[in-house]
Amino acid sequence: MVFSAKKGTVVAKLSAFDEAASVQGVAVTSQYFVVVCRYPYLRVREIIHIELFSIQDFAYIRTVKGCCNDHISILSVNHLGSHIVALCSCVKTNITEIISWNLETEEHKHLAKFSSIAIAGVCFDLRFCLAVCKGESFLRVWNLASKINDQSLNVNVTKMKKTKGIEEIFPMKNYPSYVVCRGLNAETFTVWNIRNSKCEGLPVRVERGLFESTDIVLVKDMKLYILSDKGTVTFTGTHRPIFQTLLVYDLLKKKYLKKISSLYIVPSFKHEYKILEGDLLLGISENRDHFIIWNLKTGIMENRIRPVYKDDMSLSNSLPSHVTSMDNLYKELLCKRKSRDIEGSGVYLTPWEKRNETKTARKRRHEKDVRQEIERLQQFADEKTNSIDQYLLSGNEKIIVCSYFAHHLTVFSLDTKSHTHTLEDRRSMLFLHSAALTHSGSYLVLSNYNEVQKVSYVTLWNLHTGKVTKRLRNEPDVCCSAIMDGADRIVYGVMEANRLKVWDPFRKGHKTISGYEKFNLNMNSRVHLTDNGTKAVILADDVSLWDLEKGTVQSIFTPDSVIRCMSLAFEDNNILLGMSDNPALIVLKLMSKDTVKLSSKENLFGEASSSEDEDNSNFRSG
């Protein structure tokens, strides 16, 4: 809308060229009202249009097009009104671009790029483009006049660049020299040889166009499992989507091995599917209350793994054996309340108030506390019917630990296809967001907050017994954790303090290690233990290697853009990084470890073997 500053009223409404527009910004020049709109483009992408309106009669004049790489955060117009300059910040990549449009010639240019997030800026004169960046106490200044007429910087709007970068890294168990990477645009898969120095910087195999955007692709060693052909089926009176076709593609042979049709695979989030040994697919059921295992050789559903608590989850059927009815439960809780065996409502009474409290008032207070206790027990019983929130699968694919946004966790065994234990803490909600599971699935470490004591804990559970083994008190803001297979050592990060804590549960005491100046732990951080728990590799914006025995940081790798994913491969000898704006796999090699000689049999894709010596630096990137 256009407002009149003199009259204080709306004098015109400027409508975008199409109803699908989303207005991203407005500006005024001596000739135009400028409206920046974002439109859908090729279904899965969006494109910027700058729509110009007359400043005299508010009529639509024409449109200047941008491109799909423009994510405008700050908009500015020079004093001549000839150019629009925008700062496009991308939090995912930690990069800001300076872009421009010539409103007369409609030329669109990407002029400059820098590694930071702009939070304010202005370009009133093209010789002085100013920006203030996040975390910086100084101004950045650019002279755009020298580049504004450079024709080599023109962006061809009809040829849009697809998003580059790596979203996921999949080390191969049976082929340890190779890893598979999934591209950010979800259309590209690449295979990399991480042990052959002559293959650095280039993939040995690239696959594109194997599937559609609605398909789900799972990776297991050299095979891609593609769930495709979405359809619907009537299930208990409602229509539910399903995947009807499975395609198996071999990256080594470069061909499809199998196609199975007429399947009934329940759609779920991509990360919730797991390919198990023996060509089995683990997923979550239609109602998200149990697990399903499909046999990918035949396409038939093989097992359903359900939690088993009681035949009836109502409170009346969950009573102790000696309590025969709800009335008896009420009387028992009332007796316990009078003897202070159960917690009260939380109302604090001073000694003077207790002495002056009448018997009738005391009885009402006790009855209120008992009613609240029964309601709380009913809530715990109702939580057993919650849907699955998150689950962890052990490294040996034998144990599943599942959370339900509740005060309990369930433990399943994939060997017996059964529910083995229920981990319960009625004073704490139990989540798996910062939890870690041992490779064998014997122990689980997680952070929890006691709602009654108002205290945070780090708790070690024994999954064989379903009991708490050890617990640390007053441990808030835990964001990531790692655990050795025997639970001999646990390492976790503390966000606000930016510190590491090393806890040896079966020894007394634990160690705190302070972070360096730009160490930034957050919920996206990851911790991996190496060298039998003596060292840790941490992803916290940058990648750092820590000596846990000495309590010091040994090396830091700080890239210009955001690290999208990290993984360890080949006996933790290589740190694999996927960047958000670079399709190349980054390999950091720990040279302190013994180097294993490369066998010629491992050049599966015909790449030449290398006899070059490795670098002797702490970290090596390729």
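Data block above holds the structure.
Treat the numbers as computed from the prediction; the structure is a model and nothing was measured.

K.L.:
Explain the environment of M301 to me, please; I cannot follow it from the model alone.
P.N.:
Checked against the element boundaries, M301 lands in strand β25 (residues 300-305). Along the backbone, M301 and I265 are 36 residues apart, and their C-alpha atoms lie at a distance of 8.4 Å. Residues in contact with M301, not counting those within four places in the same chain, are Y264, I292, I293 and W294.

K.L.:
What exactly am I supposed to notice about the pairing of strand β7 (residues 72-77) here?
P.N.:
Sheet topology places β7 next to strand β8 (residues 83-90); five bridges connect them, and they run antiparallel. When the sheet's bridge partners are listed, V77 is paired in β8 with I84. Between β7 and β8, which pair antiparallel in sequence order, lie five residues; one of them, G81, sits at a positive phi of approximately 75 degrees.

K.L.:
How should the pattern of salt bridges be read in this particular structure?
P.N.:
Opposite charge on two side chains permits pairing when their charged atoms draw close. Taken as a whole and assessed by the stated rule, the structure comprises 23 salt bridges. Note that R38 is salt-bridged to E46, the shortest N-O span being 4.0 Å. You can call R38 buried: its relative accessible area is 8%. With a closest N to O distance of 4.0 Å, E104 and R62 form a salt bridge. Placement of the pair is E104 in the loop between β9 (95-102) and β10 (108-114) and R62 in strand β6 (residues 60-65), with a sequence separation of 42 residues. Among the residues examined, E104 registers a relative accessible area of 45% and is labelled partly exposed. Among the charged side chains, a network of salt bridges with common partners joins E167, E168, R182 and K270.

K.L.:
Is there a simple way to think about the state of the cysteines in this case?
P.N.:
Put plainly, two cysteines are in a disulfide when a covalent bond ties their sulfur atoms together. This model, assessed by the stated rule, comprises zero disulfides. Among the cysteines around C479, which has no disulfide bond, C480 carries the closest sulfur, lying 3.7 Å off. Since its relative accessible area comes to 1%, C479 is described here as buried.

Cut-offs used in this document
Residues numbered from 1 in each chain as written. Predicted model: local features only at pLDDT ≥ 70, side-chain atom pairs only at ≥ 80, totals over all residues. Heavy atoms only, no water. Helix = DSSP H or I, 4+ residues; strand = E, 2+ residues; numbered from the N terminus. Contact = heavy atoms within 4.5 Å. Pairing = 2+ DSSP bridges. Salt bridge = Lys/Arg side-chain N within 4 Å of Asp/Glu carboxyl O. Buried < 20%, exposed > 50% of the residue type's maximum accessible area, 1.4 Å probe, protein only. Disulfide = S-S within 2.5 Å.

Fair warning: the whole summary comes from geometry, so function is off the table for now.
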